[in-house]
Amino acid sequence: MDNLSDLRLFVRVALTESFAAAARIEGMTSSAVSKAVQRVEAEVGAKLFSRTTRSVALTVEGERLLEGARKLLDEAESLKSEFTDSLDEPRGKLVISASAVFGRLWLTRRALSFMCRYKHVEVELRFEDRIVDLASEGIDVAIRIGTLGDSANLVARKLFSDVIHTVAAPSYIERYGHPQRITDLEGHRGIHYRAQNTGRLFPFLFECEGNPIRRTLDPVLVANDIDAIHQATEAGLGIAQLPTYLILDSLAQNRLVKVMEDVRVDSFPYSIVYLDRRLVAPRVRAFVDFLVSNPPSF
């Protein structure tokens, strides 16, 4: 294969199943990506994609090429890293993904500290509340919260455990009462989170005698942004479940109070994940080690 850049664009289109998505990730036009794929097709002498106005699918030849192309590109990247990147002086671009609020409140400061230590690493932060595909979206590391459901091709290391607290504003408790048991939730107003990637409404999660219990309250507000839920809870609109890292100041300043602590879930894992490859770039290893060695103090 004469042009690895064109081959890389072919792989990007194959993984995203979209010329437009591949172009957006690479910062190129769809036309430029399409021409690159055409050059690959001309070189291998086979049609690699079946295209319609709505979808892109690999042909049989495309499937065969994809498997070999990913291995070849991984080897090329590893070889490049041998010469341009080392554990003593990592360098190159590092793309990091995390949920929006967690990224702003916890991860950004640590990423900046990492950059101060490793001055030859260029960092791109992508904060959004959805599960990203590291391979297809060109992401080096991601922070995942809770159970890792798609970890077959990923390496995961635990960062820390947080506690999800059920909280309300003092003004809400004064008006509606202080629930202490799950049966006390009847008639209370809930502020619920809706996942951006699935559209699923998250119920409140409790634990009683080792058994998980889920409850959906009468929703006074539903939001797909945890910061909006935090603000609405402080305003006294209802009860919400929020992570410790987000509400430390609110609790300290009595803008929020904990309720139903006897049935809260003990811990919620936060993990850092990266692709399972034979050779991992030193900049990725350095960042993972840096985060694991700098956990939060709460």
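Residues numbered from 1 in each chain as written. Predicted model: local features only at pLDDT ≥ 70, side-chain atom pairs only at ≥ 80, totals over all residues. Heavy atoms only, no water.

## As for the overall build of the chain
Helix and strand counts for the chain come out as 10 helices and 14 strands. Viewed in the frame of its principal axes, the chain has a C-alpha envelope of about 75 × 50 × 35 Å. A total of 298 residues make up the chain; the buried ones form 43% of that total. Sequence-distant contacts in the chain: of pairs separated by 6 or more residues, those separated by 24 or more amount to 72%. With an accessible surface of roughly 16000 Å², the chain has 48% of that area assigned to carbon and sulfur atoms. Averaged over its 38 positive side-chain charges, the chain has a centre that lies 2 Å from the centre of its 40 negative ones. (Helix = DSSP H or I, 4+ residues; strand = E, 2+ residues; numbered from the N terminus. Buried < 20%, exposed > 50% of the residue type's maximum accessible area, 1.4 Å probe, protein only. Contact = heavy atoms within 4.5 Å. Areas by Shrake-Rupley, 256 points an atom, 1.4 Å probe, with all protein chains shown as cover. Lys, Arg positive; Asp, Glu negative; His and termini not counted. Charge placed at Lys NZ, Arg CZ, Asp CG, Glu CD.)

## Re the sheet that holds strand β3 (residues 92–98)
Within the open sheet, the five strands sit side by side as β4-β3-β5-β14-β6. Their pairing is mixed. The outermost strands of the open sheet, each flanked by one partner alone, are β4 (121–127) and β6 (154–162). Geometrically, the sheet is characterised by an average inter-axis angle of 20° between neighbouring strands, direction not taken into account. Here strand β5 (residues 141–145) runs beside strand β14 (residues 268–275); their pairing, made up of five bridges, is antiparallel. (Pairing = 2+ DSSP bridges. Axes fitted to C-alpha atoms, helices over the stretch in contact; angles between N-to-C directions.)

## Some details on the environment of A57
By the secondary structure assignment, A57 is in strand β2 (residues 56–58). Taking the C-alpha atoms as reference points, A57 and L125, separated by 68 residues in sequence, lie 30 Å from one another. When sequence neighbours within four positions are dropped, the list of residues in contact with A57 reads L48, F49 and S50.

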